[in-house]
Each structure stands twice: as C-alpha cells, then as structure tokens.
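Secondary and tertiary structure notes
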Amino acid sequence: MPTIAGNFSSPISDAEITSAPQKRRLRSNSSQQNAPICSKPPPPSKTSSPVKSKSLRRCINDSPSSPSKGIVKDSGDKFMKLRKSPVKRLSDCFMDKPIWNPSDTEQLSAVKETLHVSTAPSTIVCRENEQNRILEFCKLCVTQEKAGSLYVCGCPGTGKSLSMEKVKDSLIQWAKEEDFQPPDVLTINCTSLANTSEIFNKILGNNQPRKKSNGLASPLKNLQISYSQSRQSSGMKMMLVIADELDYLITKDRAVLHDLFMLTTLPSCRCILIGIANAIDLADRFLPKLQSLNCQPMVVTFRAYSKDQIMMILRQRLRVLSYTVFQPQALELCARRVAAASGDMRKALCVCRSAIEILEAELRESTYNLNTSSLERVISDQQTTVSEILKKKDNNIVRVDHMALALSKAYRSPIVDTIQSLPQHQQIILCSAVKLFRKGKKDTTIGELNKSYLDICKATSIPPVGIMELSSMCRVLGDQGLLQVGQSREDKLRRVTLKIDEADITFALQGVRFFRTCLQ
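Only a predicted model underlies this, so the values are computations on that prediction, with no experimental measurement involved. (Residues numbered from 1 in each chain as written. Predicted model: local features only at pLDDT ≥ 70, side-chain atom pairs only at ≥ 80, totals over all residues. Heavy atoms only, no water.)

Turning our attention to unusual backbone geometry. For Cys-126, which is not glycine, the phi torsion reads 70° and is therefore positive. Inspection of the secondary structure puts Cys-126 in the loop between α5 (105-114) and α6 (128-144). Unlike most non-glycine residues, Ser-461 shows phi in positive territory, near 60°. Tracing the sequence through the fold places Ser-461 in the loop between α20 (446-459) and α21 (467-479). A relative accessible area of 67% places Ser-461 in the exposed class. (Helix = DSSP H or I, 4+ residues; strand = E, 2+ residues; numbered from the N terminus. Buried < 20%, exposed > 50% of the residue type's maximum accessible area, 1.4 Å probe, protein only.)

Read across the open sheet, the three strands follow the order β6-β8-β7; overall the sheet is antiparallel. Looking at strand neighbours, the two that pair on one side only are β6 (444-445) and β7 (483-485), the edges of this open sheet. Relative to strand β8 (residues 495-498), β6 runs antiparallel, the two being bridged by two bridges. Residue pairing across strands places Thr-445 opposite Arg-495, the latter belonging to β8. Lying on the sheet, helix α19 (residues 424-437) is in contact with β6, β7 and β8; it crosses β8 at an angle near 90°. (Pairing = 2+ DSSP bridges. Contact = heavy atoms within 4.5 Å. Axes fitted to C-alpha atoms, helices over the stretch in contact; angles between N-to-C directions.)

Put simply, helix α8 (residues 198-207) and helix α10 (residues 255-262) touch, their axes get as near as 10 Å, and they point 20° apart. Taken together, the axes of α8 and α10 lie roughly parallel to each other. Here Ile-199, Phe-200 and Ile-203 of α8 come into contact with α10, specifically with Val-256, Asp-259 and Leu-260. Class assignment of the residues belonging to the contact of α8 with α10 gives a composition of five nonpolar, no polar and one charged. (Parallel < 35°, antiparallel > 145°, perpendicular 65-115°, else oblique. Nonpolar A, V, L, I, M, F, W, Y, C, P; charged D, E, K, R; others polar.)

Okay, here's the thing in structure tokens:
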C-alpha cells in the first residue's frame, strides 16, 4: 500500500500521512504513547477523513482539549436546557419582576392605565402584515400621484383603527424622508355624522378650505366637478381620507357608498380613500356594484386574534411595568376564553381590569376581617401584622380564580345567571345530569338521576333529599327552561333531558371548587 500511495499526486503531504497512525495509537492507548502531536491542525482538504467530521459533532460546545465523557455530558445538559427553556419563557417574563403592591395608589393607577382600551401601546404587534399592505398601497398612490381606494374590514377589537393610526404616521414620515409632499390627512368617524351625505361636505371643506363652492349644488356635485376638471395640475397635493365605521353610511340603495368610492375614479382626484368597517360581508354586498363601475377597492381583512396573539399583546403592554401583576396562568385563561368567544382584544383588556378590581375588593375584605379579629383578641406576642399579611405573594397577585370570576361577569348570560342563583341541591342535580349525559346518553330517568345525585352527595358529605323532593325540584328546573321532564305514572320513570348546553352549566359553576370537583 505505501507504493500505491506514493504513485498518486495527492494534495495531502507526507507528514500528514505519517501522523495518521500516531493519532490512531493515541485513541487506542494514549497512556503508552508519549510522542507529541502538532497542535496546529492541517488545512482542510477535499479528501478529509470522515473521522474528523465526527469529531466536530462531538465538540459543539467544548474545547478540543475536553474529555470525551465531559463532552457528552455537557452537550446533554445543554440540550436538556434548550428543551426546557420554552416552558420557562412564559413565566420568566413575568416572575422575574417583584410582585406589585395593590395598596399603592400609584402602582394601581399605572396598571389600570396600561390596560385601558384608550391607551395606545408603544408598539403594535401581531398586525405587521396588514399594516405593511396598507402602507405599500398608500406609498404607491403617493409615488404615482394617483387616487386609490381601500377597504379594511374585521370584527370589533381586531386592531383596525389602531393600525391605521400607525400607517398614517409611517406614511407621513416616509414622505418626508423620500422628499415627497406629505398628504393631508382627514379622519372621519361616520358615527358622528348628522346624515350620511355629510361626509362629502367634510371632504370638500378639507379639499377647498378657502374656495367658495356653488351654493346651488350639493357637496357631492361640487366634488365631482372639481375632480373632473382636466386643467388641474399634476402636482396637486394628495389627501388621505380615513372613513372609520363605514357601515354607518349604508343606505337602502347604498348610493352614498357608491358615490364615495366613485370619486377616486375621476381624472383630477388625488384622494386615497380608506374605509374601515366591522362588517366582513359588507364587501360582498357592495363590491359587485363597484366592480361594474370599475372602482373596486382593494380589501384588507383583519382576522380575530388567536390565543397566542392575545397573550403576546398582553405581555407587550405589561412589559412597561416594573412589577408583576398577573399570574401567567391567569393571563393564559383570559386569552383562551376571549379567543374562543370573539378574539376581541378590547374585551381581553376589560376582563383584565375587572380581575384587578376583584382583587382590590378581596383585599379590602381581608383587611376588614383582620382588623375586626385583632380588636376581639389581643395577643401580646403577635408578630404578624395586617400589612405583612397583605404583602404575601399569593394575596397581591391576580390569580386564576380572580380571572375566572372576571370572565364569568364579562360573558354573563341569562342562563348563567339563572344557574348561579339556584339553590345548592338544584345545582347538584344539574351537575348529576351533566355527568350522566357525558357517557353518551341523550336522556335519563329521574331514578337514574337520583342515583348520580346520591353519589355526589355521599362523596361530599352533603345530606341528600328524598326522591319525591328531587322530582319536585326537577319540575322547578323544567319550569325555568333548564330541564325537560316527561310524563309517567311513577316519578322515578319520568324521562329527563337537558335543554341547555352542558358548557353553560360548567361555566356557571366553575368558580366554586365543590362543583368544579364534581364536574371533573
């Protein structure tokens, strides 16, 4: 084999070839070989052995002089840390700060102001794609000095108006940086208009503030005349018109909407019209007519916030505070419930503020009870004061039970109110029915319902009522629209069916630990 190797003109030097056996001897029996090895590794080549590539994989996080066992252990620990780190991120961003003090009025007002709907966040997250689409559309109109129309739709609380404020500021800043004339901005809330056609008067007043319009013609007619004049200069200043709550302009024949968007098709118009509405199907109702008139606007839809997006927005708002207010689990409960119901971010902020108010009421009640008990009994060696008790971490932070109660108030329905106002035994009957129907049954008899009712009472050490009284309570629940009770000669054979959703019962009673345990 040495003669064969010598015949090839390989780029590998002889020193490298002779050093390979030494490396093998070092791996097999390093204690018996004391010959030094060159510390400088040979330059990489195309014919490098696969053994060298394996050694790189073993030395991901360690120096070349580290022992092999240490390398495996350290890399394993590193991988374990990387595996556990995403679980910690949710709580680390909150719990690394000290717990807030609800009795501090400055902290309390700061938290409420941070979570208020009218407080605009420093940065708007989760709506970057929508903002970029609208901004690029406006930039194109300004660059080409042409009019255009855009329709923004989405459910309430999905960040439409807030995003438009961001886009407006970004557009003006971009125009100044690119040496374009910044457009005039006219923001109109259509709910404040006395009548639907008044929007044309506002556009006309902003477009021609000093020029007197023809008093005989309507504002719409004056705008049409002004935008139809071909002698208008090409350098006419652009105007950005933002019409919020556009669905208030809907008339029987939708003439106002059609005339408004038709203005952007006139030759001398320099308006960028952006309409904002909550109705997602509004575009389907008036777009076909606009398409036939060759003035179909671009449509940008704001989808409802997901659970992860609501969590991200809440974290972004609370990040400005130097203390922790909520348990991470409480915020996650809020995000899950709001995302499942509507995805309305404003609703999530209101629920968080309500949970803080519930905590306030709980602390006031605790303070009153502690002061009352201290007056009744005087202990000379008592070392724990009221203020020290209130400084406990679990007492000052908004917990899951506070958030659950705030959610129940926010999404309260007549059915939930009815269930929560029932006597305890009637609530137990509803829990018994839920447990029976979870097994796949659509209905049951009062006798079977009584067995499930007795099991719950026995497990919780609550004295049960007799089957005759239970049958009477089922009739009461039937009169309230919660159960449907059939007819039979014997009470225990009467058929019973739930007339409400099981989720309503679970949601109404989840705030009480006793019923939460029963429904598990």
